[in-house]
Every structure is written in C-alpha cells, then in structure tokens.
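Residue-level structure breakdown
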Amino acid sequence: MAPPSEGSEAALFPDFPRGPLHAYRARASFSWKELALFLEGEDVLRFKKTVFSALESDPLFARPGRRELSMEKYRELNFLRCKRFFEFGFLRVDDMLRRPLTLLALVDCLGMYDWSLATKIFLHTFVFGSTIYNSGSERHLKYLPKIFSMEIFGCFALTELSHGSDTKAMRTTAHYDPATEEFIIHSPDFEAAKFWVGNMGKTATHAVVFAQLHMPGGQCHGLHPFVVQIRDPKTLLPMPGVMVGDIGKKLGQNGLDNGFAMFHKVRIPRQDLLNRTGDVTPEGTYVTPFKDSRQRLGASLGSLSGGRVCIVAMSVTNLKLAVCIALRFSATRCQFGPTDGEEIPVLEYQLQQWRLLPYLAATYALDHFAKSLFLDLVELQQGLLGGDRSARQAELGREIHALASASKPLASWTAQRGIQECREACGGHGYLAMNRLGELRNDNDPNCTYEGDNNVLLQQTSNYLLGLLAHGGPGGPRCESPLKSVDFLEAYPAILGQRFEVASLQDCLDSSVPLAAYEWLVCYLLRESHQKLSQEKRSGSSDFEARNRSQVYCCRSLALAFLELTVLRRFHERTHQPGVPPPLRAVLRRLGALYGLWSLSQHTALLYRGGYFSGEQAGKMVESAILELCSQLKDDAVALVDVLAPPDFVLDSPMGRADGELYKNLWSSVLQESQVLERASWWQEFSTKKPAVGSLSSKL
C-alpha cells in the first residue's frame, strides 16, 4: 500500500497503533480528529506536525536517554538546538502577523519538547525582540534582522537582586550627559545588580535594561528601557564596565542560563533609549506623549502583559502533557475488580475520575482562554503601533492588564496542582523520572513567579475591579469594557439578590449554572472587598495599610473568582455557538460544565456564607453533578487526550505512549537505563570494609 501523501488527512492524523487503549478509543462519543480540526484548524495542525517532524528527524534533537547531562553540556546542546531552530525557518514574521496563533502553537510545540529550549528562544525573539519593536521607534529597527540571524542574542533585564515585583523601586540608573549625547548606565551597589535574567548567564550579547532616567538638572523621570551591549558577539567576553555572570543551578530548566549583571558607568548612545513612551533631545530635554507618569510606565512595561499571557499558554501546555500521561496510564493500569481474578482499569474508579477529569476539563477551558486572550493582546498591540490614543484603546489596555494579571496565577497554579495530582494518581510509576511528571512539575514551577509573583499580581486585578466602584461603577454609571468581561457588573445590585434555584441534577449539568453562580460570587466578593477597604480606612489606616489588610479572604479571592468566571464564560460561549459541529456539542459542553462546577465547588463556603446557597441540598447537588459529569466523560477521556497529545517522541514518557503498552514500555525503558545491570562501582565498600559498630561512640 502506498504511504499517505503529505497533504492528506491520513498523514495529518495517522491512526494510533491498536493496543490496550483501543477499547476506550472505540467507546468515544466523538471523533478525536474532528475535534482537533475544530479547535485548532488545519493550518495550525499542519504547522505543529511540521515542527514535530523536524525535531524527530534531526539527530541534534535526539533524546539523550536518561543519562544526566552536566549543566555545561546541557546548555551547549540547548544553544546548538536554538541555532538549528533558526535554520529551520519556522519563525516567519509575515506568517506570525497573518496568523498570530501560530506563535502560541510554536511555543506549545517547543515547550512540549523542552522548556529550556522554548524559553531561550522565546526570551530572545518574543521578549527582547518584541520589546525593541513595540517600545522603540524607527531608529531601533536595525536590531531586528540581527536578532533573527543571531548576530546578537538578547535578554530582558528588569528585576534586580533586591527588587522584583516592585518595578518602580528598581535602582539601576541612566544619567544623561548632553556633552557627549550619551546615557551613563550604572549600578549603585550589588543589590541593584540585574538578577534572574534569562539568557544573561552565558549567552546574551545585548539586554533591554530598565533604569531610572536622570536628567542633568537632577530630575528623575522614572523607569525607562535602554538597549545595552553586555558582551562582544565575537568573543562573548564582557564589555568594558560590565560584570556579567550566571546565577547557578535552578530547580528546573537548567538548559537556560539565568544570569546577573552590574554596570559601572557604562556609556551608551542617546539613540539606544527605547523612546516610544519617552525621549530625550540631544540638548537634554525630556519629552513624552503621556501626561501621567504611571500611564507611561504602564505602557513601557506593556511587554510584561504579553509575557504573562504567554505564561498562561505555557502552563496549559504543561497540564496537557501531565493529563495525557496520567489518563493513558489510568486507562491501561488494571488493579482490583468486582470479583476475584478480575481486574479493571483504574480509570473505572470514581475516585480516579474525580481526581483527573476536572483537570482535563480545565485544560480545555484554559487552552481556549489563552488563545482568545492572546488575540485580544494582538489587537491591543496593533492599536498601539498604529498610534491609537482613543479612550477605547486605553480601556482595552487596562482590561487586558487586569485579565493577564489574574490569568497567570490561575493557570500556573492550576497546572501546579494538576501535575502533582497526576503524579500521585500514577502511583509509584509516576515518581520515576523517565515518566516525566517530576520534570514537568519543576519546569512549571517558575510560571508561578516570573513576570510577577502570583499573589502580588492578583492585586492588579482586584484594584481594577474596585476602581469600577470608585468611579461610579456597579449601580451607578454604565459599566462596560471593550472585551465585555465586566459588563455583567451593570446588574450588580440585582445579581446580589439572586439565589441558587436549580431544581434537578439534570438541570445542573450545564455550564450556565456555575456561570450564574460565579456572577453572584464576584459581585459578593467585590462588595466584601470594598466594605473591608472602607472599614480599614475609617479605622484610621492609610491607603497602603488598608490594601495590605484587605488581601487575604477578600481581594485575592475576588481576583481569582473573576478570572475563573471569565475563563468559564469564554468557554461556555465557544461551546454554545451554533457553529459547533453536532457530534462535538455534548462532549464540549460536558467539559465546560465540569470545569465550572469543579472550580465553583472550591468556593462552597463563600456561597453559603453569602446566602447564595442555603440548605444542604445545594452543595450536594453540585457534588453529584461533578461526579455525574466525570462518569459521562470517562469513556471519552482517552480520545480527549489524543486531541492534546504530541507524538511519543515529544511526549517522552514510557507510560504515556500512544500504543498503551504500559508494562512493555516501562520494562524496556528501565532495561535501557545506563549501568542498570552493572555492579556498583563502590561494591568493595560493602564486601570488604565492614563498620566497627560503636567504635566512635566515645568521641560523640
């Protein structure tokens, strides 16, 4: 039989090998191929296949088995792979502009393979490169071809040893010298060293350095970005006045070189100030289109919102891999049974379904949200580059900032908890490094911290919501936003009067039920947070103290509930559109309902405390609905992870392989480990040198 042609559906969706997973695949209520096409589109699926095939067929990307590479060797290999990535030519700027979701697909593909590689490329091109493009002007376009040819290699230097989330307190300075038309970049002491900067440790030749801009008259105009050369591209030796180095081994992603840098009166040309939000004339006059310094700083840090949105997608990628591994394991791991001698897959147990299937639903809901928010961000950036200074554009920026600031915590924490649950749900085999769940857990962990500590970021979102009340907001003037994420607050007083009135379990199995409950919950927490802040201020607390004392139980919960509502609403709207193919409607709506009810169940105490729930029946009905949806989705679980899973080469987990041959794959992988059957090199310590028991007791 002739092999399928490259453009055919058979080539795009090769059939899985028939094996232990076939029984579940045969019971699925839908075609996994149809769902993949509906969610991703053929262009993105073909792009992903091209990337995966290129990695698998290139010896440079061959998995090194399970032997541990030294950090130096890992970083060398990672850099060689980075160079090869540019040789593949996946990054075509015109394609990215025409089909922005291709960028997220690329991050998804590379991250599934190795986050050290994905992050290295992402920081160089999308963070360093896009910051220059979005924050600079025509005079900075000269850097872009050098970025894509790797003539220079970049990093984003914002955080310092003594400051991270408090960006306004960064202490690196940039004094302007009109006599030479140069800025003098300086670190006043070691605490002001740029720190934790990805790519800076060993590789970067240039950095976008954020520094406090000082004028000759002594006035400081706050934090501004500058392009600073830190190494010679020909030798990779530091430039004069720059001390740059590596911060050492991390908990994960050790193929990425995170570093530090100190500057001793390093002079750079005036033109290397990225000047979209503020500029300095040759004579030393500061000019900016922004009247409010806070707005200017927000615009100059706009790339952080882009980074946060991408971290949402990165977290979802980790969760995809974890649920793929855990659910394929659960469908083939047989333990116990209703009768002696009969064993059933652990996926048949309600407890296993309850542990894993809500995370599968969360993966689908968060994946759709990440893509939709990324497209919103693209719209914002296009407006900024087009010079749009309308009120709608400003409001869109505030709304996206609020959504990005809460979505990173929600996605990274959901992935963190989900990966751990998957690890435990796979028993002892989940603890084997070869099955990759430990690596995923460690590689996901920094998503909770970089681009803003999660708990600190949530305050940005709660401040946005509380600002709606401060400016009239709910119950007063109209409450609208460009993305309509807060439009429901216009009915704030009426929503607070609503109660849970679902009559039957069947009625509870639709995502409209948790959607209504979440609208009430956000209104309730908004009122509680506003009252708590007001009470603190009436008691004599300063604004700073009042906000500090209102985070736990109020503002933090408000921000998370608002984002959970937004994720659920977007997925509900997507799955209830008339364009959803009829065979896919039931499974997608079950996923939405399960995600909504499971997330909502974590707020049961608040729902009772605020009076939305009353009597034990409400809580019991939500619990019953969650279990019923898990039961309904159980037979679809393997097909649902088939939609998400990369090829076995990329997934790189013996117990997560598509053939479902759990024990064969585990056994062969164990036997292929290095020195697995060899005697220990220190065997003589056991055989000839026995301890003299108690001989050291007198010296204790």
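What this report covers is the structure whose coordinates are included nearby. Fair warning: this is a prediction, and the values are worked out from it, not measured in the lab.

Section: the overall build of the chain
Summing up its helical and strand segments, the chain has 26 helices and 13 strands in all. Projected onto the principal axes, the alpha-carbon positions of the chain cover approximately 90 × 80 × 75 Å. Per-residue burial for the chain yields a buried fraction of 54% across its 700 residues. For the chain, the proportion of contacts with a sequence separation of at least 24, taken over those separated by at least 6, is 75%.

Overview of the nonpolar core
Of all hydrophobic cores here, the largest spans 192 residues; its most connected members are Leu360 and Phe500. The biggest single contributor to this core is helix 11 (residues 302-332), with 18 residues. Residues in contact with Leu360, not counting those within four places in the same chain, are Val323, Leu327, Ala637, Leu640, Val641 and Leu644. Core analysis: the next-biggest nonpolar cluster, separate from the first, contains 26 residues, Tyr176, Ala207, Leu273 and Tyr286 among them.

Considering the pairing of strand 2 (residues 173-177)
Taking burial as the measure, the five residues of strand 2 include four buried ones, the bulk of the element. Bridging between strand 2 and strand 3 (residues 182-186) involves five bridges; their strand directions are antiparallel. If you follow His175 over to strand 3, its bridge partner there is Ile184. In this antiparallel pair of consecutive strands, strand 2 and strand 3, the connection spans four residues, and Glu181 shows a positive phi of 55°. As judged from the three bridges shared by strand 2 and strand 5 (residues 206-214), these two strands associate in the parallel manner. Within strand 5, the position partnered with His175 by the bridge is His214.

Here we look at the packing of aromatic side chains
Inspection of every chain in the model, using the stated rule, returns 21 aromatic pairs. Between Phe79 and Phe153 the ring centres are 5.9 Å apart and the planes differ by 65°, which places this aromatic pair in the edge-to-face class. Separated by 74 residues along the polypeptide, Phe79 in helix 5 (residues 71-88) and Phe153 in the loop between helix 9 (143-148) and strand 1 (154-157) bring together distant segments of the chain. Ring plane angle 85° and centroid distance 5.3 Å describe the contact between Phe85 and Phe86, whose orientation is recorded as edge-to-face. One exposure class covers both Phe85 and Phe86, and it is buried.

Observations concerning a nonpolar patch on the surface
Taken together, Trp667, Leu671, Val676 and Leu677 make up a surface patch of nonpolar side chains, about 470 Å² in accessible area. As for its position among the elements, Leu671 is in helix 25 (residues 662-671). Residue classification places Leu671 among the partly exposed residues on the basis of a relative accessible area of 42%.

Topic: the pattern of salt bridges
For the structure shown, the criterion picks out 39 salt bridges. Of the charged contacts in the structure, one is a salt bridge between Asp15 and Lys33, with a shortest N-O distance of 2.9 Å. Here Asp15 is found in the loop between helix 1 (9-12) and helix 2 (22-27), whereas its partner Lys33 is found in helix 3 (residues 32-40), with 18 residues between them in sequence. We note a salt bridge from Arg569 to Glu519, for which the minimum N-O separation is 3.0 Å. Remark: Glu519 occurs in helix 17 (residues 512-538) and Arg569 occurs in helix 19 (residues 551-575); sequence separation between them is 50 residues. Judged by its relative accessible area of 17%, Arg569 falls in the buried class. Salt bridges sharing partners connect three or more residues here, namely Glu40, Lys48, Asp108, Lys320, Asp367 and Lys371.

Here's the deal with the environment of Lys48
With respect to the helices and strands, the residue Lys48 is situated in helix 4 (residues 42-57). Judged by its relative accessible area of 11%, Lys48 is buried. Measuring from C-alpha to C-alpha, the distance between Lys48 and Gly154 comes to 26 Å, with 106 residues separating the pair along the chain. Excluding residues within four positions of it along the chain, Lys48 makes contact with Glu40, Ala105, Asp108, Cys109 and Lys320.

Considering the packing of helix 7 (residues 101-113) against helix 12 (residues 350-385)
Helix-helix packing is described using two parameters, namely the angle between the two axes and the distance between the axes. Put simply, helix 7 and helix 12 touch, their axes get as near as 10 Å, and they point 135° apart. By the angle between their axes, helix 7 is oblique relative to helix 12. Relative to helix 12, helix 7 is oriented so that their crossing is right-handed. Mapping the contact onto sequence places Leu101, Leu103 and Leu104 in helix 7 and Ala370, Lys371, Phe374 and Leu375 in helix 12.

Re helix 19
Because an α-helix packs 3.6 residues into every turn, residues spaced three or four apart end up facing the same way. For helix 19, spanning 25 residues, the distance from its first C-alpha to its last is 34 Å, which sits close to the expected 36 Å at 1.5 Å a residue. Helix geometry: helix 19 is bent most strongly at Ser557, by close to 30°. The buried fraction of helix 19 is high, at 20 of 25 residues.

A look at helix 13 (residues 391-425)
Over its 35 residues, helix 13 extends 50 Å from the first C-alpha to the last, a length consistent with the 51 Å expected when each residue adds 1.5 Å. After helix 13 finishes, the residue Gly427 shows a positive phi value of roughly 60°.

What about the pairing of strand 6 (residues 220-229)?
With eight of ten residues buried, strand 6 is to be regarded as a mostly interior element. Where strand 5 lies against strand 6, eight bridges are found, and the strand directions are antiparallel. By the bridge assignment for strand 6, Gln212 is matched with Leu223. Two successive antiparallel strands, strand 5 and strand 6, enclose a turn made up of five residues, where Gly218 displays a positive phi of approximately 100°.

What to know about unusual backbone geometry
Positive phi, normally seen in glycine, also occurs at Arg436, with a value near 80°. Looking at where Arg436 falls in the secondary structure, it is placed in the loop between helix 13 and helix 14 (437-444). At Asp652, a position not held by glycine, the phi torsion is positive, near 55°. Looking at the element boundaries, Asp652 is found in the loop between helix 24 (648-651) and helix 25.

Definitions and limits used
Residues numbered from 1 in each chain as written. Predicted model: local features only at pLDDT ≥ 70, side-chain atom pairs only at ≥ 80, totals over all residues. Heavy atoms only, no water. Helix = DSSP H or I, 4+ residues; strand = E, 2+ residues; numbered from the N terminus. Buried < 20%, exposed > 50% of the residue type's maximum accessible area, 1.4 Å probe, protein only. Contact = heavy atoms within 4.5 Å. Core = buried A, V, L, I, M, F, W, Y, C linked by side-chain atoms within 4.5 Å. Pairing = 2+ DSSP bridges. Phe/Tyr/Trp six-rings, centres within 6.5 Å; stacked < 30°, edge-to-face > 60°. Patch = residues over 30% accessible without salt bridge, like charges linked within 9 Å, V, L, I, M, F, W, Y side chains within 5 Å. Areas by Shrake-Rupley, 256 points an atom, 1.4 Å probe, with all protein chains shown as cover. Salt bridge = Lys/Arg side-chain N within 4 Å of Asp/Glu carboxyl O. Axes fitted to C-alpha atoms, helices over the stretch in contact; angles between N-to-C directions. Parallel < 35°, antiparallel > 145°, perpendicular 65-115°, else oblique. Left-handed = near helix turned anticlockwise from the far one by under 90°. Expected span 1.5 Å × (residues − 1). Bend = angle between axes of the 7 residues up to and from the residue.

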